[in-house]
Amino acid sequence: MTTLIFVDDPEVLPEESGDETVVTFSEAVRDECSAERDCVLATEYVPDSEEVVGPDDYALMRSWLADHASHTGIDIGPLLQSQFIHLFGDSFCRQFRAIRAVVEAESPGHVKVNTRRRLPYEWLETGSDALYTPIFECLSEEYDFTLNVTERGITERMKGSLFDVVGPFALRGLEHVTESTTRLRDRSPDADADVLVFLSNTNNLGALVSVWQELQRRGVEVMVVYHVFGVTNYDTAPLETLRETGVRVQSFESYMNRSTYKIARARNREFRRRWRTVRDDEAFHDRFELDGIQVWNALEERFELHYRFHYQRLVRFIQTGRHLIDVAEPDVVLFKGVGPKSARTFATVANELGVPTVMIQHGKSNPIQRFEPLVDHVAAWGELSKGFLVTRGYD
């Protein structure tokens, strides 16, 4: 029977063997193969590979994120949809379907996987050539082939084991230090704003600066709240860039307080207990299917990080957002985008508290279908974009 060997890096390309076909997502690996060696790209087995993942798949991935945990009535899993889909899910689905197509076409009796060991916190970004080995484990049960996985990298193995033990705890501590430093460095939170602008980055800033400057010219009180995003991000340059436009600027972290962390710690203990139940609940695992094959084993590592780290972050964001709205009492909240976790969470909180939300289109492309804007209104540049957004159900 056919033997397939999947490789994602020229450095782990095995010695040539006459009875093996090398399969890869990497053109560098294919180019490294000798002219006599049988080596193919996995994507060649998938017609229209660029269209292999679509809106129905993004909706499926959003359903995977739902109904894990909630806080103040908010389902917090879907708040991670942009991160999950863009940095993992999209590439996961593409790779799953390509590998499955190869297996169905070649009917191998034996599959070998040679790759570098992945760390638990590494992403699988769209376009990545890196092999995600849990996919093969899911398919081996369905297609009954023998699987051998060789993961290179002793250092990565040690890092992975260390992260499993102390990683989430260390990340929470680092982020607390970062947030506290930002909060102490920033001035006390400003009160009252007619219009509150929430930003998680300063990309394509021109789309909003002209708007808030015109509002200021008309006598509207505008305040920008910026989330200095990242576990160890001490960068103050974005805050200074924003202040140079002549608008009031406040860090999101400056609205955090002791209560924020106390509540998040209590909820984190609940999430960890919940994870110990979920990981062994086979009935719960059955909902995670892709093309009729259960893929929980391939998703488990990602969801473990959600339960052990990301969910408590979202609780902090929810608590901080509620406090921010209580202090600033805005009439409306403007967004440049609601993909980033903190922006998406704040939009959800504003909606929950009845504060109108508006997203201003900040690029020439229409909003991608990987995540759904959680806002009341979208301001578009031009009739073409407006027409697209209307068909998507937005006002």
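On a predicted model such as this, the values are computed, not experimentally measured, just so you know.

Turning our eyes to something else, we now look at the pairing of strand S6 (residues 110-116). In terms of strand pairing, strand S1 (residues 3-7) meets S6 through five bridges, oriented parallel. Following the sheet pairing, Phe6 is matched in S6 by Val113. With seven bridges connecting them, S6 and strand S7 (residues 146-152) associate as parallel partners. The residue of S7 that forms the bridge with Arg116 is Arg152.

Moving on, we come to the packing of helix H3 (residues 81-106) against helix H4 (residues 134-143). Here H3 crosses H4 at 35°, and the two axes come no closer than 10 Å. The two elements H3 and H4 cross, and the hand of that crossing is right-handed. Taken together, the residues of H4 that come into contact with H3 (itself represented by Phe92, Gln95, Phe96, Ile99, Arg100, Val103 and Glu104) are Ile135, Phe136, Leu139 and Tyr143.

A few words now on the sheet that holds strand S8 (residues 195-199). As summarised here, the arrangement of the six strands in space is S10-S9-S8-S13-S14-S15, forming an open sheet in which the pairing is parallel. Looking at which strands have only one partner, the edges of the open sheet turn out to be strand S10 (248-251) and strand S15 (377-379). For this sheet, the mean angle separating the axes of adjacent strands, direction not counted, is 25°. Looking at chain direction, S8 and strand S9 (residues 222-226) are connected through five bridges and run parallel. Its bridge partner being in S9, Val197 is matched across the sheet by Val224.

Turning to the packing of aromatic side chains, a few remarks are in order. Tallying each qualifying case throughout the model produces 23 aromatic pairs. Judged by centre distance (5.3 Å) and plane angle (80°), the ring pair of Phe88 and Tyr132 falls under edge-to-face. Of this pair, Phe88 sits in helix H3 while Tyr132 sits in the loop between S6 and H4, placing them 44 residues apart in sequence. Note on accessibility: Phe88 and Tyr132 belong to one class, buried. Over the aromatic face of Phe284 sits the side chain of Arg274, whose NZ or CZ is 5.6 Å from the ring centroid. We note Arg302 situated over the ring of Phe88; from NZ or CZ to the ring centre the distance is 5.3 Å.

Let us now look at the packing of helix H2 (residues 55-65) against H3. In contact at an axis separation of 10 Å, H2 and H3 are set at 120° when each is read in the N-to-C sense. For the element pair H2 / H3, the angle class is oblique. Where H2 crosses over H3, the two elements pack in a sense that is right-handed. Between H2 and H3, the contacting residues are Asp57, Tyr58, Met61, Arg62, Trp64 and Leu65 on the first element and Gln81, Phe84, Ile85, Gly89, Asp90, Phe92, Cys93, Arg94 and Arg97 on the second.

As a working rule, side chains carrying opposite charge can pair if their charged atoms are close by. Applying the stated criterion across every chain, the model contains 17 salt bridges. The salt bridge involving Glu270 is made with Arg267; its shortest N-O contact spans 3.0 Å. Residue Glu270 and its partner Arg267 are both found in helix H8 (residues 258-278); the two are separated by three residues, about one turn of the helix. Look at Arg267 and you get buried, because its relative accessible area is 16%. With a closest N to O distance of 2.9 Å, Glu352 and Arg322 form a salt bridge. Separated by 30 residues along the polypeptide, Glu352 in helix H11 (residues 341-352) and Arg322 in helix H10 (residues 296-328) bring together distant segments of the chain. Three or more residues joined by partner-sharing salt bridges are found here, namely Arg30, Asp31 and Glu44.

The next thing to look at is a negative patch on the surface. Together, Asp192, Asp194, Asp326, Glu329 and Asp331 give the surface a local cluster of negative charge. Looking at the element boundaries, Glu329 is found in the loop between H10 and strand S13 (332-335).

A separate point is the nonpolar core. Core analysis: the largest hydrophobic core is formed by 83 residues, its most contacted members being Phe6, Trp64, Phe92 and Phe335. Take this core: its biggest share by element is 13 residues, from H10. Discounting chain neighbours no more than four positions away, the residues touching Phe6 are Val23, Ile99, Val102, Val111, Lys112, Val113, Asn114, Leu131 and Phe136. Grouped together as the second largest cluster of nonpolar side chains are 19 residues, Tyr226, Val228, Leu239 and Val358 included.

Our focus in this paragraph is the side chain of Gln312. The topology assignment puts Gln312 in helix H10. If sequence neighbours within four positions are ignored, Gln312 has contacts with Arg172, Ala264, Asn268 and Phe271.

The next point concerns the environment of Arg172. Tracing the sequence through the fold places Arg172 in helix H5 (residues 154-185). When neighbours within four sequence positions are excluded, Arg172 is seen to be in contact with Asn268, Arg272, Arg308, Phe309 and Gln312. From its side chain, Arg172 meets the backbone oxygen of Arg308 in a polar contact 2.9 Å long.

Cut-offs applied
Residues numbered from 1 in each chain as written. Predicted model: local features only at pLDDT ≥ 70, side-chain atom pairs only at ≥ 80, totals over all residues. Heavy atoms only, no water. Pairing = 2+ DSSP bridges. Helix = DSSP H or I, 4+ residues; strand = E, 2+ residues; numbered from the N terminus. Axes fitted to C-alpha atoms, helices over the stretch in contact; angles between N-to-C directions. Left-handed = near helix turned anticlockwise from the far one by under 90°. Contact = heavy atoms within 4.5 Å. Phe/Tyr/Trp six-rings, centres within 6.5 Å; stacked < 30°, edge-to-face > 60°. Buried < 20%, exposed > 50% of the residue type's maximum accessible area, 1.4 Å probe, protein only. Lys NZ or Arg CZ within 6 Å of the ring centre and 35° of its normal. Parallel < 35°, antiparallel > 145°, perpendicular 65-115°, else oblique. Salt bridge = Lys/Arg side-chain N within 4 Å of Asp/Glu carboxyl O. Patch = residues over 30% accessible without salt bridge, like charges linked within 9 Å, V, L, I, M, F, W, Y side chains within 5 Å. Areas by Shrake-Rupley, 256 points an atom, 1.4 Å probe, with all protein chains shown as cover. Lys, Arg positive; Asp, Glu negative; His and termini not counted. Charge placed at Lys NZ, Arg CZ, Asp CG, Glu CD. Core = buried A, V, L, I, M, F, W, Y, C linked by side-chain atoms within 4.5 Å. Polar contact = N/O pair within 3.5 Å; in protein donor to acceptor, adjacent residues only side chain to side chain.

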